[in-house]
Structures are given as C-alpha cells and as structure tokens.
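Working through the structure, step by step
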Number of protein chains: 2
Amino acid sequence: MMNQLQDVPTSVAFERISRLQGELQSGGMDGMLISQNIDLYYFTGSMQTGYAFVPAHGEPVFYVKRSVERAKQETGVTVKELGAFRQFRETLARDYPELFGSGQPLRIAADLDVLPAQTYLKLAELLAGPDGNVKLLDGSASIRKLRMIKSEMEVERIQAAAKAVDEALTESLNDLHEGMSELSWIARIEYELRIRGHIGLMRMRGYNQEIATGMLIAGAAAAMPSYFDGPAGGLGLGAASPQSVSRSLIRRNEPILLDIGCCIDGYIIDQTRTAVIGELPEKLAFAYQTSEAILREAEKRMIPGTVCSALYTHSLEQALSAGLSAHFMGYGADQAKFLGHGIGLEIDEWPVLAKGFDMPLQPGMVIAVEPKFTFPGQGVVGIENSYLITDESPRPLTRTKEELIKLP
Amino acid sequence: MMNQLQDVPTSVAFERISRLQGELQSGGMDGMLISQNIDLYYFTGSMQTGYAFVPAHGEPVFYVKRSVERAKQETGVTVKELGAFRQFRETLARDYPELFGSGQPLRIAADLDVLPAQTYLKLAELLAGPDGNVKLLDGSASIRKLRMIKSEMEVERIQAAAKAVDEALTESLNDLHEGMSELSWIARIEYELRIRGHIGLMRMRGYNQEIATGMLIAGAAAAMPSYFDGPAGGLGLGAASPQSVSRSLIRRNEPILLDIGCCIDGYIIDQTRTAVIGELPEKLAFAYQTSEAILREAEKRMIPGTVCSALYTHSLEQALSAGLSAHFMGYGADQAKFLGHGIGLEIDEWPVLAKGFDMPLQPGMVIAVEPKFTFPGQGVVGIENSYLITDESPRPLTRTKEELIKLP
C-alpha cells in the first residue's frame, strides 16, 4: 500500500475543530455531524465517505464507510468504521455516553444546506430515537463562517492555482484565432490547466450548479442568459448543458470573455479577462473601462469593517452613473444581484458582495470581484480579480496582467 | 437574442410527464415538485433554475427563477415566473385551486434524494400552510424508475457519446508511453473528448460523488482504495481529490486501467479497457481473462426477466471459482458490492446489478457492466461495456475493440 501524506496537518484540523466547537457552544448546540466531502476535508483532512461527529466539548470521531484504510492515512482525527447505518445512534451512544446515552434532549447541527433531504430524514429519525429527544438542526452557517477566513496555507494554495491559470492562459493565447469555436478554445486551455494539476472540475456548494473550468465565451453566445448563478451565462452545448462554451465560432471585433479558474490541491482561483481580435465596439470598450473603474473603487473600499452589501450598492451606483445599469451583471430580468463572492475550497463561498449580505469584511477573507456588463446580441465584457482581505489594502492573488487583451 | 432549439421535443416531454402522472396516481400522490436540474431537463427539456409542478391529473407548470426567457425557448411546458419563494404556496393555489386552494390534505412528491435538506425544510413548511395539510414526500424512486427505460433517441445519444470515447481513445493511445504521468495522459484524452462535445464533467446523482471523465490509472496508484462509489479508486491528486488520476508515472508491465466516459448532449457513456506497456504479470493476465469471462456470461443472462441481483451473485461465483474473490470489484474491506449500473443522463442510474436490487431487467434499460480485479501494490484490471437491454440479447453500445491493449 502506498503512503498518502496528510494534506491538512493534524494540528490545523484540530484548530479548525476547536473553532467549530466554539461556534457550537455559542449556538447552544451539543455537537455537529459533518457529511459533505468538502466540509469533511476542511475539518479532518480527509474526504472519505462517512460522518464526522464533533461534540461541543471533547474529542471528534470520523465514522467512515469507505475507505476506512485511506481515511486513517489522511487524517489525525480518530477514525472508526461507520458500520451499519441503522446502528449509528447506538454507535454514538457507545462513544459519547454523556450525550447520546444520557436521554437528555440534544441539539445536533449538520450541514443541511448540502445534505440531501432523503438522507436527512433517515438520519433525523434515527438520531431522534424512541423518545424523539435528539433534534437535527441546520448548522451550515457556522461552517460557512469558519471556512470564510483563510489561513496562510490556504492563501498559498489559492495563489498556486492563480499561477496555474495565468500560465495556462499565457500558453494558450497564442492559439486563439478568428473562426475558432469556443469549445476548441476551452479544450486547449483545459489541457494546460489539467497538466498543472487541475482536478478536472471546480466544486460548487449551490444546488444544481456545476462548472468544469469556467466560461470562455464570445459575442452573442456569451450574452445568452442562463441559470448559472453568475453574471455571465453563455449559450452552452445545448439544453442539457445550457451555460458556458458552445460550438459558436469566435469572430473579429466582438468581446471574448476569459472567465476561468481551476482547482489545485483543493483550492480554487477565479479570474476574468476580456480579449478581442480587432477592436471592441465603442460602447463595449466603454463598458470594459467602467468594469475596471468599478474594480479600482472596490479595491479602495475592501478593508476590514466595510459591509459586503455596501460594495455591491456602490458598484450599482457606478454602473448607473455610467448609464450602464441595465447591462450590469447580466441584462434585464436575468441580472445577477452581486458583485463578488468568496472563493476557497468551493467557488461559491462566503462572503457574497450582495444586497442583504451585511457582514463586515474581515482579514483572511478571499473574494473574487467580478464587475461585468452584458449586451444582448453583442457579448459580455468585464474583469475579475481575487483578493485577500488584510488589515490594510487588499492583497491581489490574481497574477494575470490587467488589460483589454487585443489580438491582431 | 439567439434561438435555442428545443432539445427534448414537446411531445416527448409530455409523454414522460404523462408516465410520471401514472406513477403519481398509482402511488396515491396528488402531484410532484421537480427541482433537480437533470430531472427538470428530462421532464421539461429545460434545466433552468426553478420547480416544475406536475399534478397527478392536469397540466404541468414550470416555475422558473432564472432564466425565464431561456426556459421559454427550451421547453413546450408552460413557463411562469417563480416570483417570491415565500409566495410559492399562493402561486400554486392560484394555478391549481382544486388542489392547493381546496384545504384538503395533499400528498406532494419531490426528488428528495437530491434536494438539499435546508431547501426541503423551507419548502415543506411553506407548502404545509397554516393547517399543515400538505405533506412533502419522497418521490425520487418514481423518477429513477421512469428514467431507467431509455427511448430510441436517448440510446442514440449514448451511442454518440460511445463513438466520441472510442475516437478519443484511439487518437490518444499513440501518445501513451512509459514514464508518462497519469495526469498528462488524462489531460491528453480529455482534450480529445472535449473537442468532440463533452460538457467537461459527468453528472452523478450520488451525494459527494464527482467525476470529470473517469480514471486513467495504472499500477499501484490505481489499486489505492477510495471513497468513490466504484470498483476502482485511484491515488488521486491529494487528499483534496483522493480518487482517479495522480501524478504517478506509468511504468512497464503494470496494468493501465482506461475507465473513461463523457457526456455529450446530456448523455453519458462509460467504458473500460485495460492496457499494458510490455506484459502483464501472469496472475493479473488471468484476472483480466476472468473479467472478460464474467462479461461474456453476463451478456448471456442480460435478457428481460433476469433479476439484477442474480447477475451480481453469479459474477461473484465466477470470481470465487477463479480463486479471485478477494480481488473482485476492489480489495478486502474496500470492495464495491455491485457488477454494473444504469447510465443515461447520470452515471449512477438504475438499475444497479447489486445484492438487494431485485428488479427484473426490462427492455430499454442501459447498463454498464464492469467486472474488475484489484491487486494492492500492482494495479487494477478489467473491462466495461454498456448495453441496451432488448427483447432478445443485449445490444452493445460500446464501440471500442475488446482486447487487452498491448503496447511495445
């Protein structure tokens, strides 16, 4: 058997667990069951299938269904076999007699924003027991809050992903030419990303959301609205994949949106540049400049204490002043209502720079800011950088040169 | 605005909806709320974000959050704006007064095997109303049963995906050489798959499961156990992606498992071949022959009426007779307990050739059969073909030549 190194040092896993325990204690929870692969990886260092139980006080146990052997190599948290699911309450009562063996009412949190309802219902019934004294409650906000603040190691991984995207883009830009399909163009970049360690897809927490590497979309096809929870949609490859790249050909004098990312060693980068073969129409060139201006203004305000929603509101005002509010972050009824989003292990992390998201910025947050403008029939222009919030001005993690990329 | 062709003809969508209504009626359900992108696509032809409501009797409505405009282009089912989620019960009462306006107890099904618990809880509370007379129940088995039987159009799409995989494999095999990393090798094939229309990932229904294109894994790295719900695991790219390809180098005289697929126009193919640069060790060559023998025997039995679990049981007996039962479908505690699985829009469809899955085979099912043997420290060998169950013998959909691929 090969040795699998621990990817998250045991001390880091236990520090994260300790912070989770703080959240549980202040929320009046007796413990948390963690089920999602990404959450499991964050708190234990292993994403083998199973449930990690973190009591509000005391030692956690990772109950693994498969692979127990591999989980033991990957995590310093105690690993036990999950065994028969219908016995899980008895298993917990054996390991945590002061909780599950006590008969007292318990409040157990779980990552209910991702756990499927069918499993939730089985688990809730099973844990409730004959007296119905154990309640399974939503604790996903605690997890999202903790994961929002990145450690230096996490920032380094995001930077490594940013380096890979920059290299892949530089390597492939030479091949971009008029008449090339969006599909051929993304295949080229995805090859460069993959050989640099991209796992082949990016994780999204949102239900029904999926993304392999991003959107390399151009002209009218780029401006198609879509279900995708972002400012740009894309025609896609048919109704069964109605977003991102299509078989449309890239033409002269239309914007080419290069909104790409990758996931390396678990961590994601997300960035956007705009390119054109020839010249952008005047209005679109102005919109591109406005997206840069919005980014500059956001950079000034992205300091600890600034409220997330205020960044979005201010960007809306800038778009309005520029006479472009109908085109900002999508067009008309299909406008996305945000300016940026947290990134990390998933591409849709907290915080969100959106109306109603009234949390103040804190050092350690990593946020992709992506002002974009959509022109139906013509295309999408914009820019996206990712930043680490620090005590002073935000540290840019994106490496790619900022400019409208003009090809002859 | 560009025109997006309907991908699922309106008549096909309504025929599927009508079969779902038959299921609802026989299950004593008053209607079904469909929420998952793939289920929405199957029944409406559109996977825009929202809920499709299918009453047990009468006309369905697709309530769309985003993009309404695009949904209208993609489906012949009536599209309405979802509007404010907290008003959804009133919206349903307006459109279905004989159901939600009547005050009578209702049983509403939903795809609870995939709907996140957090959304389920909100939806269940919202629909229940002040009297609590509306119950939200799990109807996912009905959907899985219906989707299990493929139409000729669906089979053609699976065949198109099979053709793309065959071409991509043929095109890339020339580049496979000793000392190449698994990662470089999959990047090469993924490029070929992508330019042929692969959407970049394959959909899986199972919680926490993910797959971009499959596993091109070799030697000891291939034999690493993993959480992935399949017979082969793979070392992967670290604990944050602990399955499939790794950075390990492919060496002489070790098995190279080529377990790949793609998703084109929504439909998936899944196939496996085994290759070797040089010669396989004798025991592994024998195991490969045994996997072919198991497949031959399964082909004889894959006729309507054969019980799915019996196919698995018989394959276990063959593995036992060959003295290879400890290596069959994984090794030791990490063995997968199945021989094959349905494929279609998702890679983990029904039926499953597994213990306890006692459904008889029916014409129209499409099943990937994948006998494999794992040898820790040495590798994984096996073969996988996909078949359409017909009234007579199964029709192979996989095109790639069957043989142990030997490279000099």
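Residues numbered from 1 in each chain as written. Chains lettered and ligands numbered in written order. Predicted model: local features only at pLDDT ≥ 70, side-chain atom pairs only at ≥ 80, totals over all residues. Heavy atoms only, no water.

- For chain A, the name recorded in an unreviewed UniProt entry is Peptidase M24, with Paenibacillus radicis as its organism.

So, the domain arrangement of chain A
All names here are of chain A.
- Here chain A is partitioned into domain 1 (10–146) and domain 2 (149–407).
- One C-alpha centre belongs to domain 1, the other to domain 2; they are set 35 Å apart.
- Taken together, the contact between domain 1 and domain 2 spans 15 residues of the former and 15 residues of the latter.
- Counting each side, the surface lost to burial between domain 1 and domain 2 is near 1200 Å², with a carbon and sulfur contribution of 51%.
- Contact with domain 2 buries surface across domain 1, with I38, Y41 and R144 losing the most and accounting together for 46% of the total.
- Inspection of the region where domain 1 meets domain 2 yields three salt bridges.
- A salt bridge links E154 to R16, with the shortest nitrogen-to-oxygen separation between them at 3.9 Å.
- On the surface where domain 1 and domain 2 come into contact, there are seven residue pairs in polar contact (both at pLDDT 80 or more).
- Residue assignment for the side of domain 1 that touches domain 2 shows that the elements contributing at least two residues are α2 (37–44) and α7 (140–148).
- When residues in the side of domain 1 that touches domain 2 are grouped by element, the largest group, five residues, is from α7.
- Residue composition of the side of domain 1 that touches domain 2, grouped by class: eight nonpolar, one polar and six charged. (Domains from an automatic or database assignment. Contact = heavy atoms within 4.5 Å. Buried area = accessible area lost by both parts, 1.4 Å probe. Salt bridge = Lys/Arg side-chain N within 4 Å of Asp/Glu carboxyl O. Polar contact = N/O pair within 3.5 Å; in protein donor to acceptor, adjacent residues only side chain to side chain. Helix = DSSP H or I, 4+ residues; strand = E, 2+ residues; numbered from the N terminus. Nonpolar A, V, L, I, M, F, W, Y, C, P; charged D, E, K, R; others polar.)

Quick notes on the interface of chain B and chain A
- On the chain A side, the residues contacting the 80 residues of chain B number 80 residues.
- Across the chain B/chain A interface, buried area totals approximately 6400 Å², and carbon plus sulfur atoms make up 55% of it.
- Per-residue buried area on chain B facing chain A is highest for B:R66, B:R194 and B:Y207; these three make up 12% of the total on that side.
- On the surface where chain B and chain A come into contact, there are four salt bridges.
- Between A:E210 and B:R203 there is a salt bridge, with its nearest N and O atoms 2.6 Å apart.
- In this assembly, chain B and chain A are joined by 42 residue pairs in polar contact (both at pLDDT 80 or more).
- At the level of secondary structure, the elements contributing two or more residues to the side of chain B that touches chain A comprise α2 (37–44), α3 (68–74), α6 (117–128), α9 (182–195) and α10 (219–222) of chain B.

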